[in-house]
Amino acid sequence: MIPTGVRVWLATGHTDMRCGYNKLALRVQELLGKDPNTGQLFVFRGRRGHLIKVIWYDGQGACLFTKRLERGRFLWPSPADGAVSISAAQLSYLLSGIDWRHPQETWRPSAVG
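Remember, predicted model here, so these are calculated numbers, not experimental data. (Residues numbered from 1 in each chain as written. Predicted model: local features only at pLDDT ≥ 70, side-chain atom pairs only at ≥ 80, totals over all residues. Heavy atoms only, no water.)

Novice: Quick rundown of the sheet that holds strand β3 (residues 51-57)? Include the residues and the values.
Specialist: Spatial strand order, β4-β3-β2-β1-β5: 5 strands in an open sheet with mixed pairing. Both outer strands of the open sheet, β4 (62-68) and β5 (84-86), are each paired with one neighbouring strand and no more. Between one strand and the next, the sheet's axes are offset by a mean angle of 25°, whatever the strand orientation. Looking at chain direction, strand β1 (residues 8-11) and β5 are connected through 3 bridges and run antiparallel. Of the residues in β5, the one forming a bridge with Val 8 is Ile 86. (Pairing = 2+ DSSP bridges. Helix = DSSP H or I, 4+ residues; strand = E, 2+ residues; numbered from the N terminus. Axes fitted to C-alpha atoms, helices over the stretch in contact; angles between N-to-C directions.)

Rendered as structure tokens:
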């Protein structure tokens, strides 16, 4: 579960997925200009697009999460966009393989009264 109100950053471009928490945290500092120990989530995508890694410092320790899609690719902003901030809800869409940029609300019937 994604913490409420947490800021989520996507590192545009691709990242070497052999990197662990320490190297990804260094990338956060050097490329994004952010502090990886602030409780924000930082998301990285591999070259082929089917694997992402998320780093997060929860106040007690460093966390590294990985998700690989069996089919398809994670939708990702272009490298020209730089670091992109998204909401926790958009991250949930991203992790589910849904287009987080333009989620569509489905039609809901109204109560008959």
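So that's the structure; there's more coming.
Novice: Account for the environment of Ile 52, naming residues and giving values.
Specialist: Relative to the helices and strands, Ile 52 resides in strand β3. Sequence separation between Ile 52 and Arg 73 is 21 residues, and the spatial gap between their C-alpha atoms is 9.8 Å.

Novice: Mind laying out the layout of surface pockets, listing which residues take part and the relevant values?
Specialist: One number sums up the size of the largest pocket: a volume of about 190 Å³. Every residue lining the largest pocket is counted, 12 residues in all, and those nearest its centre are Ile 2, Val 54, Phe 65, Leu 91 and Leu 95. Every element with two or more residues in the lining of the largest pocket is listed here: β3, β4 and α2 (88-95). Of the residues in the lining of the largest pocket, the class split is 10 nonpolar, 1 polar and 1 charged. (1 Å grid on protein atoms, 1.4 Å probe; cavity = no way out; pocket = protein on both sides within 12 Å on 5 of 7 lines; lining within 4 Å. Points joined across faces, edges and corners; volume = space filled by probe spheres on them. Nonpolar A, V, L, I, M, F, W, Y, C, P; charged D, E, K, R; others polar.)

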